[in-house]
Amino acid sequence: LELLPHSRAAGGFGGGGIRIGSGGGAAAASSLHTTVSACNLIHLSCHDSAARADRALSRPKNEWEGATLRNSRVACNSILPLHGPDIPAEVYHKALERHFGCVGAFACAALSRFGQVAHDMRLLCLRICYQEPLRDDAGGGSLTSNMKLLALQLQLGVYILEHAAVFDDPREHSRYRTTLESFLRSGTARKDEEDMMMEEA
């Protein structure tokens, strides 16, 4: 994955990998970011081993230069951890801290982690709707790979909501839950109205 300030981003997965684009210091830290992905998977331990090997070369590479080469030359600069049934919570939480550490250079400091994920998904959906060329930002990443990214971001957002006390202020998550439940109820109500209109017709 690659994260970029405002409305540009791209990258590849390592367990879910991401690249965060450069921005303008304090301005970048107060902006939103958007992510795109080529959806290349790698085990975190393999990524870390390769990064150590890159640093030991006669011409050392930094972590993300090497990752980009191994990622079919698709730019990446972070790892989006994927949560599986056999992954202990403490291991996943540590990987999330690492991920959000990379995101922090570009994310809006006023937003919770759930808020960052939600806005990132919203911006990616808008880019898809407007048919922006997602692969241009990182040198790779198709519509299919970015639709997969949305599913993985949704999983991440739900996980953060379910573990509010670990990641964010539970009161903020309560507001998000209330808003989401209200939205879902209104959608159900509209569908019921449409069904009634169809029956009357």
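Nothing here was measured: the structure is a model prediction, and the numbers come from that model.

Draft legend 1. Representation of the overall build of the protein chain in the model. Broken down by element type, the protein chain carries eight helices and four strands. Scored against the burial criterion, the 201 residues of the protein chain give a buried share of 43%. Across the protein chain, every contact between residues at least 6 apart in sequence was considered, and the portion connecting residues at least 24 apart equals 71%. Accessible area of the protein chain: about 11,200 Å², with a carbon and sulfur share of 59%.

Draft legend 2. Structural context of the nonpolar core. Within the largest apolar cluster, 21 residues are counted, with the highest numbers of intra-cluster contacts made by L96, F100, V117, L124, L156 and I160. At the level of elements, α4 (89–103), α5 (113–129) and α6 (143–162) are the ones that each hand at least two residues to this core. For this core, the element with the highest residue contribution is α6, accounting for seven residues. Setting aside residues up to four positions removed in sequence, I160 forms contacts with F100, R113, F114, V117, F167, D168 and H173.

Draft legend 3. Inspection of unusual backbone geometry at higher detail. Positive phi, normally seen in glycine, also occurs at C39, with a value near 60°. Mapped onto the elements, C39 comes out in the loop between β3 (33–36) and α2 (44–55). Residues other than glycine seldom take positive phi values, yet Q131 does so here, at roughly 55°. Structurally, the position occupied by Q131 is in the loop between α5 and α6. With a relative accessible area of 71%, Q131 lands in the exposed category.

Draft legend 4. How the structure looks around the side chain of H47. Tracing the backbone shows H47 in helix α2. When residues no more than four places from it in sequence are discounted, the contact partners of H47 are I42, E63, W64, A67, R70, I79 and R98.

Draft legend 5. Structural view of the environment of A38. Among the structural elements, A38 can be located in the loop between β3 and α2. You can call A38 buried: its relative accessible area is 18%. In this structure the C-alpha to C-alpha distance between A38 and V74, which are 36 residues apart in sequence, comes to 7.2 Å.

Draft legend 6. Representation of the packing of α5 against α6 within the structure. Between α5 and α6, whose axes approach to 10 Å, the crossing angle comes to 160°. Taken together, the axes of α5 and α6 are roughly antiparallel relative to one another. As α5 runs across α6, the sense of the crossing is left-handed. When α5 is examined against α6, the residues R113, F114, V117, D120, M121, L124, C125 and I128 are found in contact with a partner set consisting of L143, N146, M147, L149, L150, Q153, L154, L156, G157, I160 and L161.

Here is what the cut-offs are and how they apply
- Starting afresh in each chain, residues are numbered from 1 along the sequence in its written order.
- Only residues with pLDDT of at least 70 are given local features in this predicted model, and only at 80 or more are side-chain atom pairs given and counted; all residues enter the totals for whole chains, interfaces and linings.
- The side-chain quantities take in all heavy atoms of the structure and omit both hydrogens and water.
- Each helix is a run of DSSP H or I of at least 4 residues and each strand a run of E of at least 2, with the numbering of both proceeding from the N terminus.
- The buried label applies to any residue whose accessible area, calculated with a 1.4 Å probe on protein chains only, is under 20% of its type's maximum; exposed applies above 50%, and partly exposed to all values in between.
- Should any heavy atoms of two residues lie within 4.5 Å, those residues are considered in contact.
- All accessible areas in this document rest on Shrake-Rupley with a 1.4 Å probe, and a residue is counted as covered only by the protein chains that are shown.
- For this analysis, a nonpolar core means a set of buried residues of the types Ala, Val, Leu, Ile, Met, Phe, Trp, Tyr and Cys, connected via side-chain atoms within 4.5 Å.
- The angle between two axes is taken between their N-to-C directions and runs from 0 to 180 degrees, where each axis is a line fitted to C-alpha atoms and a helix contributes only its stretch in contact.
- Here the angle decides the label: under 35 degrees means roughly parallel, over 145 means roughly antiparallel, 65 to 115 means roughly perpendicular, and every other value means oblique.
- By definition, any crossing whose near helix is turned counterclockwise from its far helix by less than a right angle is left-handed, and any crossing with a clockwise turn is right-handed.

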